[in-house]
Amino acid sequence: MAALDTVSLTILLGSALILAGVLSSLVALRFGAPLLLGFLAVGMLAGESGPGGIKFDDVRMTYLVGSIALALILFDGGLHTRYATIRSVLAPTVILATVGVVITAAVMAPMAHYLLKLDWTESMLVGAVVASTDAAAVFLLIHSRGLRLRPRVGATLEAESGTNDPFAIFLTIAIVEMLLTGHQSIPAIATSLLIKAAGGALVGYAGGKAIVFGLNRFGLAQGLHAVFVAIGAVIVFGLGEAIHASGFLAVYLAGLIVGNNPARAHSTIVTFLDAATWLAQIIMFMLLGLLAWPGNLPSIMLPALGIAFGLMLVARPVAVFLCLAPFRFSWREKVFVSWVGLRGAVGIFLASIPLLVKLPNAQIYFDVGFVVVLVSLLIQGWSIAVAARVLHVALPRSGASPRRVELDLPGQLTQELVGYALGAHNPYLHRRIIPSWAKLMMVVRKQKVLTAEEAGIVREGDHVYLLAPPERAPALDRFFVDTPTWAEPDPGALGDFILPGITTIGELAEAYDLVVAAADRSVTVSDYFARRIGNSARKSDVISLGAVSLVALHVVDGRVMSAGLRLAEPDAPVPLLPKATPAKRFWRRVMAVPKLRKRKSKT
Amino acid sequence: MPITDLVAPQAVIPALKVNNKKQALQEIAAKASESTGRSEREIFDVLMQREKLGSTAIGNGIAIPHGKLPKIEKIFGLFARLDRPIDLEALDGQPVDLIFVLLAPEQAGADHLKALARIARMLRDTDFANKLRDARDAEAIYAVLAMSAPTEIKNAS
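Everything numeric here is computed off the predicted structure, so don't read it as measured data. (Residues numbered from 1 in each chain as written. Chains lettered and ligands numbered in written order. Predicted model: local features only at pLDDT ≥ 70, side-chain atom pairs only at ≥ 80, totals over all residues. Heavy atoms only, no water.)

Q: I tried to follow the overall build of chain A on my own but got confused; where do I start?
A: The helix and strand inventory of chain A stands at 22 helices and 9 strands. The burial tally for chain A puts 51% of its 603 residues in the buried class. For chain A, the proportion of contacts with a sequence separation of at least 24, taken over those separated by at least 6, is 73%. (Helix = DSSP H or I, 4+ residues; strand = E, 2+ residues; numbered from the N terminus. Buried < 20%, exposed > 50% of the residue type's maximum accessible area, 1.4 Å probe, protein only. Contact = heavy atoms within 4.5 Å.)

Q: So what exactly am I meant to see when it comes to the environment of A:Gly411 here?
A: All names here are of chain A. Summarising the element assignment, Gly411 is placed in the loop between strand 1 (404-408) and strand 2 (416-421). Owing to a relative accessible area of 71%, Gly411 belongs among the exposed residues under this scheme. When the C-alpha positions of Gly411 and Gly219 are compared, they lie 9.8 Å apart, and in sequence the two are 192 residues distant.

Q: Mind showing me how you'd approach the pattern of salt bridges here?
A: Opposite charge on two side chains lets them pair, provided their charged atoms get close. Summed over the entire model, instances satisfying the criterion amount to 8 salt bridges over all chains. Note that A:Asp462 and A:Arg445 form a salt bridge whose closest N and O atoms lie 2.8 Å from each other. Taken together, the residues A:Asp462 in the loop between helix 18 (452-455) and strand 5 (463-468) and A:Arg445 in strand 3 (residues 439-445) connect sequence positions 17 residues apart. Across the pair, A:Arg445 and A:Asp462 agree in class, each one buried. Notably, a salt bridge pairs B:Arg133 with B:Asp97, separated by 2.8 Å at the nearest N-O pair. (Salt bridge = Lys/Arg side-chain N within 4 Å of Asp/Glu carboxyl O.)

Q: Please clarify how the interface of chain A and chain B should be interpreted in this entry.
A: Buried accessible area, meaning the area lost when the parts come together, often serves as the stated size of an interface. On the chain B side, the residues contacting the 31 residues of chain A number 34 residues. Approximately 2800 Å² of surface area, both sides summed, lies buried where chain A meets chain B, with 58% of it carried by carbon and sulfur atoms. Applying the counting rule to chain A against chain B returns 1 salt bridge. When the shortest N-O distance is used, the salt bridge between A:Asp513 and B:Lys68 registers 2.8 Å. Across the contact surface, chain A and chain B share 5 residue pairs in polar contact (both at pLDDT 80 or more). Elements that contribute at least two residues to the side of chain A that touches chain B include exactly helix 19 (473-480), strand 6 (497-500), helix 20 (505-512) and strand 8 (548-556) of chain A. Considering each element in turn, the side of chain A that touches chain B owes the most residues, 5 residues, to helix 20 of chain A. Residues belonging to the side of chain A that touches chain B are distributed by class as follows: 19 nonpolar, 4 polar and 8 charged. (Buried area = accessible area lost by both parts, 1.4 Å probe. Polar contact = N/O pair within 3.5 Å; in protein donor to acceptor, adjacent residues only side chain to side chain. Nonpolar A, V, L, I, M, F, W, Y, C, P; charged D, E, K, R; others polar.)

Q: Just to check I follow, could you spell out the packing of helix 3 (residues 59-79) of chain A against helix 11 (residues 247-260) of chain A for this structure?
A: Angle between the axes and distance between the axes: these two values describe a pair of packed helices. All names here are of chain A. Contact geometry of helix 3 with helix 11 gives a least axis separation of 7 Å together with a crossing angle of 35 degrees. Handedness of the crossing formed by helix 3 with helix 11: right-handed. Counted together, Ser67, Leu70, Ala71, Leu74, Phe75, Gly77, Gly78 and Leu79 of helix 3 and Phe248, Val251, Tyr252, Ala254, Gly255, Leu256, Val258 and Gly259 of helix 11 form the full contact between these two elements. Its residues placed into classes, the contact of helix 3 with helix 11 shows 11 nonpolar, 5 polar and no charged. (Axes fitted to C-alpha atoms, helices over the stretch in contact; angles between N-to-C directions. Left-handed = near helix turned anticlockwise from the far one by under 90°.)

Q: Just checking my understanding: could you explain the layout of surface pockets for this structure?
A: Left-over empty space is what a probe sized like a water molecule reveals as it rolls over the atoms. Residue and element names in this part refer to chain A. Approximately 690 Å³ is the volume found for the second largest pocket. Taken together, 27 residues form the lining of the second largest pocket, with Ala97, Thr98, Phe167, Phe170 and Leu193 sitting closest to its centre. For the lining of the second largest pocket, the secondary-structure elements that each account for two or more residues are helix 4 (83-88), helix 5 (90-116), helix 6 (120-129), helix 8 (151-181), helix 9 (186-217) and helix 11. If one sorts the elements of the lining of the second largest pocket by residue count, helix 8 sits on top with 7 residues. Residues of the lining of the second largest pocket, tallied by class, amount to 23 nonpolar, 4 polar and no charged. (1 Å grid on protein atoms, 1.4 Å probe; cavity = no way out; pocket = protein on both sides within 12 Å on 5 of 7 lines; lining within 4 Å. Points joined across faces, edges and corners; volume = space filled by probe spheres on them.)

Q: I'm lost on the sheet that holds strand 7 (residues 542-545) of chain A in this one. Help?
A: To summarise the sheet geometry, strands pair through backbone hydrogen bonds and adopt either a parallel or an antiparallel arrangement. Residue and element names in this part refer to chain A. An order of 6-9-8-7 is seen for the 4 strands of this open sheet, with the pairing classed as antiparallel. Each edge of the open sheet is held by one strand with a lone partner, namely strand 6 and strand 7. The sheet shows a mean angle of 35 degrees between the axes of neighbouring strands, direction not considered. Across 7 bridges, strand 8 lies against strand 9 (residues 559-566) in antiparallel orientation. By the bridge assignment, Val556 is partnered in strand 9 with Arg559. (Pairing = 2+ DSSP bridges.)

Q: What am I meant to see in helix 9 of chain A here?
A: Owing to its 3.6 residues per turn, the α-helix brings residues three or four apart onto one side. Between its first and last C-alpha atoms helix 9 of chain A spans 46 Å; for 32 residues at 1.5 Å apiece the expected length is 46 Å, and the two agree. Looking at helix 9 of chain A, one finds that the buried residues are A:Ile189, A:Leu193, A:Gly199, A:Gly200, A:Val203, A:Gly204, A:Gly207, A:Gly208, A:Ile211, A:Val212, A:Gly214 and A:Leu215. (Expected span 1.5 Å × (residues − 1).)

Q: I would appreciate a short explanation of a nonpolar patch on the surface in the present structure.
A: Residue and element names in this part refer to chain A. Together, Phe309, Leu313, Val314, Val318, Leu322, Leu378, Ile379 and Trp382 line one region of the surface with nonpolar side chains, adding up to about 660 Å² of accessible area. Every element with two or more residues in the nonpolar patch is listed here: helix 13 (297-324) and helix 16 (362-390). With 5 residues, the top contributor of residues to the nonpolar patch is helix 13. With respect to the helices, strands and loops of the structure, Val314 is situated in helix 13. By relative accessible area, which is 38% here, Val314 ends up partly exposed. (Patch = residues over 30% accessible without salt bridge, like charges linked within 9 Å, V, L, I, M, F, W, Y side chains within 5 Å. Areas by Shrake-Rupley, 256 points an atom, 1.4 Å probe, with all protein chains shown as cover.)

Q: Quick question: what am I supposed to make of the sheet that holds strand 1 of chain A here?
A: All names here are of chain A. Sheet architecture is open: 5 strands sit in the order 1-2-5-3-4, paired in antiparallel fashion. The strands lining the two open edges of the sheet, one partner per strand, are strand 1 and strand 4 (448-451). Between one strand and the next, the sheet's axes are offset by a mean angle of 25 degrees, whatever the strand orientation. By the bridge criterion, 6 bridges tie strand 2 to strand 5 in an arrangement that is antiparallel. Counted as the bridge partner of Val418 is Leu466 from strand 5. Contacting strand 1, strand 2 and strand 5, helix 19 crosses the sheet at an angle of about 30 degrees to strand 2.

Q: Sorry, what's going on with the side chain of A:Thr133 here?
A: Residues and elements named next belong to chain A. Tracing the backbone through its elements, the reader meets Thr133 in the loop between helix 6 and helix 7 (135-144). Using a relative accessible area of 1% as the deciding quantity, one classes Thr133 as buried. There is a polar contact of 3.0 Å between the side chain of Thr133 and the side chain of Asn164. What Thr133 contacts, discounting residues up to four positions off in sequence, is Glu160, Ser161, Asn164, Asp165, Arg316, Gly341, Leu342 and Arg343.

Q: Mind showing me how you'd approach the nonpolar core here?
A: A general tendency of soluble globular proteins is for nonpolar side chains to be buried together. Counting residues in hydrophobic clusters, the biggest one holds 127 residues, and the most contacted among them are A:Phe75, A:Leu273 and A:Phe336. Non-local contacts of A:Leu273, meaning those with residues more than four positions away in its chain, are made with A:Leu72, A:Phe75, A:Asp76, A:Leu79, A:Val229 and A:Ala230. Residues A:Ile543, B:Ile62, B:Val101 and B:Ala135 belong to the second largest nonpolar core, which totals 83 residues. (Core = buried A, V, L, I, M, F, W, Y, C linked by side-chain atoms within 4.5 Å.)

Q: Honestly, unusual backbone geometry in this entry has me stumped. Any pointers?
A: One can expect most non-glycine residues to show negative phi and most peptide bonds to be in trans. Residue and element names in this part refer to chain A. Of note, the phi angle at His244 is positive, near 65 degrees, even though the residue is not glycine. One non-glycine residue, Lys358, adopts positive backbone phi at about 55 degrees. Counting through the fold element by element, Lys358 comes out in the loop between helix 15 (345-356) and helix 16.

Have a look at this one:
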């Protein structure tokens, strides 16, 4: 009976701890502290050196739970990533996730060598342990702060954090093996890395396809879809690891494939996995908190802090600036990417591997890893929103978050039901327009369900449900999400017609009888902007072209992707807009930060 | 210059029933063919060619397809109100229900641009666009178009 009592006690204690973790989020949110820190703190408080006094030193258990949790977190990360986003940042991401990790580890090694007095291979291990940015931390911090980053910066950060974990894990395990078995040659390590990556990619691809196939082919009961996918993810991970491929890469790829293929119950799966990811985060951080012995920390605190700051201020920026040098990122963006090199559970998790295999000095790696993660979450995590604003990489918030409900319709995959609540300022109430690909099916009014015909004219307070293709559901937001003030500041200021950047000047001259230089005829609008005002164009920049003007509309990294065609003023001379001089552009850059702040305080 | 010098009363379509851009331009080309004497196909091609450069939707449910049509004597305008709005890839994402077509003779140059600018500015006025939306029939629409002229000149000066 005593054994049963222990089990019940463990259940009670474990769940109470998790509950404490969940509730700690309230406190963390109130103070704007990163949530993950709250979970870690609860674990530490409950642990041996805290008031909880729970003795927990089961590294094997931590590794097991940590692996599963990490697999789910990575899968969820893949699930939320669109192919289109990742494709646009593929090259910088891959380089950051591979070369970047190596550079970070290499720059960290001398610091570890001198600060911790370890030998060179051991110092490399310290570097590898702290080299990867944490997907969970980056995703969570960016999303929970409601930050809207410039798409390219956000996508690079998320894709990098998702893909560099597998690489840091390779590197760590390779160095651990080196320390255990004596020295291995660099080429041997490189080959084994390649084989692991290729194997992981293969398992991930096949596993992702199999999950999609199973979802769509098996007639699973409603509640089982999400469970099927979650277990599928863990199986993909386990399979990858079992055949000595990278399970972490595999599970991320599988998530990517499931998230980007039409599959049944997509919204249920996403909701379920979001919840599972939260639970995984809480459990993982709490276990790591429990495992840490803060009592041991003071002796190693100073060198560990040195490592943490060296990482934040030297190693990460060096790696980012070197890796992103060939790509078109502005310095502000590079600084931001450097600053958001958040470390998280992966770092502590990797730091526990030496403990698991009982390497000499294992405790040092763990303590250093722990301090680095703590400092990173505290300082970088807390300041991420400020950094985004100061560095001018955040986009202004676009109104309230949509209240869209998506309902899967079993029997087919091409349509789903999309629901909206209509408030007083709903655009639909003013314009009564529904895109041709959507169809109003029913209206819920005063708790009564009515068909579209029965409901007649939709009014304020109704909930409407439309039939629409799932991939176009987000586009419905424009028609049905309440927008308190839908006011374009100055209609027409951005031009009368939109032109994609690939339009050539010759085509425009032909269409509007414009007088342009023969040499400019084959130049595209994008290049024409670059020629006239250089590579730092900004939205609303204007250049003249014969009798009309071109206004920069959509600008990515200083390059004009689409422009507005502004026709001449009626019966008025065409204004000759001066070309922005370098001095003017510099002034604009200097003024950019305060301007942004002003705009914010006004809204 | 009043706007009615560009549009004849018979060049107003009060309730065009179409489902997409291609159909809309085909129907409009057919109507324009009656007044200009040019072939339906030719007019459709001219309008489509301009659409290929980028959408002519200007936002707020309005589009102004246009192009140069050889061998017509003067600038020709046609106004169509759609029975049901269609998607024309406008920047603001709003489906279009008011279409003003403008066809200019070859070498109209500045006049073509001026006419386009005038129409764009006129239709951007939300009150004016809503009057066009609320007008009962073709005559009423034409009356709104004719009325627009004096206020437009006042605003411009």
